Amino acid sequence: MTALESANQLKAKFGDLVTEPTEFRGEISLSLADAEKIFEVAGFAKQTLGFDFLVDITSVDNYGEDPRWTVVYHLRSMTANTELRIKTNVSEEKSELPSVLPVWRSANWHEREIYDMMGIRFSGHPDLRRILMWEGYPYYPLRKDFPLAGKPTDLPNVAFTKPAPLEGGPFVTVAGGGDSIGREPRVRNPEE
Amino acid sequence: MQTQSDYAYDSKIEGDVIVTRVDAALNWFRANSVWPMPMGLACCAIELMAVGASRFDISRFGSEVMRFSPRQADCMIVAGTVTYKMAAVLKRIYDQMPEPKWVIAMGACASTGGMYRSYAVLQGVDNIVPVDLYISGCPPRPEAVLDALMELQKKIISQPCIQDLNIVKTLTGQNKS
């Protein structure tokens, strides 16, 4: 079964909940309208469609738009050698969606990382702690409104942070621009 | 074949006696047996392993005894990126080392934060512990680490080590209290 056939089966099963599959460079994606249904979709994808491997879960911060979060699931079938991408949107007010950990156990750390970096919670996760930063760190550093240099914090006997000196940076490298002087890292305006 | 110079120490003539200063002797011991605490946190630690291996051979300088217990170490070599999460652990390990102790910041990250101008990375290990020597490089060559070790030996030898002891101050009448 190809990835497109799997996506069509998913569409046939869940109807209006999922969009028509789109193809870009040979990769099939579809969106799920209701994030609360991700557990059922994940279960169907694994049990019936044979997507036995959860490659990754990522999150996107659509800052300034509503809904703010997009959570992206990358599925892979080891037997059919196909991949499928499922996207679903979560509003900032809710910032919560069901965990798919009972379907794929590898979701455990992926969901913890998203919680740590983006602040999206996964209901039903048995151990939703921060995975990279320490417990008690007050911010979610991969959000778009978090400054690149960081913010000052202090948790006595655990850790402290200070803003990093950016010295006019960030310094951006341009790919393929003429000579090495043109390519080297410099302060650049986004318009350039 | 003559293996010994006439001008060197000769136990037949001088017996088992060497005349020196306590300071010089103690510093000589210290400088030639700097036991490193390898604080390997990132890729610099790979180069640090190369320093310990046969090609570069840190034991030529008496520092082959890498101690993974801070209580048996003299010199902490901070090799790698220090994150804020690790900073408290690093400080704690430094505090556990017995005096006298020295710190070498190996590489750009340990010295200044390096390329990580980031919310997660401590901008130089000298923010939390006193650093004796900084090694440039990303990562530094093993020769640079050996050079730093030799510089540290020079520093150890040049510093008085018993003048500040209370008993010496009392004996020489400097301690008024």
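Structure: above.
Calculation rules
Residues numbered from 1 in each chain as written. Chains lettered and ligands numbered in written order. Predicted model: local features only at pLDDT ≥ 70, side-chain atom pairs only at ≥ 80, totals over all residues. Heavy atoms only, no water. Pairing = 2+ DSSP bridges. Helix = DSSP H or I, 4+ residues; strand = E, 2+ residues; numbered from the N terminus. Axes fitted to C-alpha atoms, helices over the stretch in contact; angles between N-to-C directions. Contact = heavy atoms within 4.5 Å. Core = buried A, V, L, I, M, F, W, Y, C linked by side-chain atoms within 4.5 Å. Buried < 20%, exposed > 50% of the residue type's maximum accessible area, 1.4 Å probe, protein only. Buried area = accessible area lost by both parts, 1.4 Å probe. Salt bridge = Lys/Arg side-chain N within 4 Å of Asp/Glu carboxyl O. Polar contact = N/O pair within 3.5 Å; in protein donor to acceptor, adjacent residues only side chain to side chain. Nonpolar A, V, L, I, M, F, W, Y, C, P; charged D, E, K, R; others polar.

Novice: Now, about the sheet that holds strand β2 (residues 27-32) of chain A: what can you tell me, with residues and values included?
Specialist: Two modes of strand pairing occur in sheets, parallel and antiparallel, and in both the strands are linked by backbone hydrogen bonds. All names here are of chain A. Spatially, five strands are ordered β1-β2-β5-β4-β3 in an open sheet, and the strand pairing comes out mixed. The open sheet terminates on both sides in strands that have one partner only, identified here as β1 (22-24) and β3 (53-61). Along the sheet, successive strands turn relative to each other by an average axial angle of 25°, direction set aside. When β2 meets strand β5 (residues 82-90), the two strands line up parallel, connected through five bridges. Note on β5: the bridge partner recorded for Ser31 is Lys87. Strand contacts of helix α3 (residues 107-118): β3 and β4 (69-77), with the helix running at about 10° to β3, the strand carrying the most contacts.

Novice: Please provide a residue-by-residue account of the nonpolar core, values included.
Specialist: In terms of nonpolar packing, the biggest core is built from 34 residues, with Leu10(A), Tyr73(A), Ile86(A), Leu97(A) and Val100(A) touching the most fellow members. No other element matches the five residues that helix α2 (residues 38-47) of chain A contributes to this core. Membership of the second largest hydrophobic core comes to 28 residues, among which are Ala159(A), Leu90(B), Leu122(B) and Ile128(B).

Novice: Could you give me a rundown of the interface of chain B and chain A, with the residues and numbers involved?
Specialist: Note on interface size: it is often stated as the accessible area lost on association of the parts. Across the contact, ten residues belong to chain B and 20 residues belong to chain A. Between chain B and chain A, roughly 1,100 Å² of surface is buried when both sides are summed, and carbon and sulfur atoms account for 64% of that area. Of all residues in chain B, Tyr84(B), Lys85(B) and Tyr119(B) bury the most surface against chain A, accounting for 61% of the area lost on that side. Summed over the shared surface of chain B and chain A, the number is zero salt bridges. At the junction of chain B with chain A, the criterion picks out three residue pairs in polar contact (both at pLDDT 80 or more). A per-class count over the side of chain B that touches chain A returns five nonpolar, three polar and two charged.

Novice: Any chance you could break down the pattern of salt bridges for me, citing the residues and the numbers?
Specialist: Residues and elements named next belong to chain A. By the definition in use, this model includes 14 salt bridges over all chains. Between Arg85 and Glu27 there is a salt bridge, with its nearest N and O atoms 2.5 Å apart. On the criterion of sequence distance, the pair formed by Arg85 in strand β5 and Glu27 in strand β2 is long-range, its members being 58 residues apart. With relative accessibility at 19%, the residue Arg85 sits in the buried group. Taking the shortest distance from any N to any O, the salt bridge between Asp116 and Arg130 comes out at 2.5 Å.

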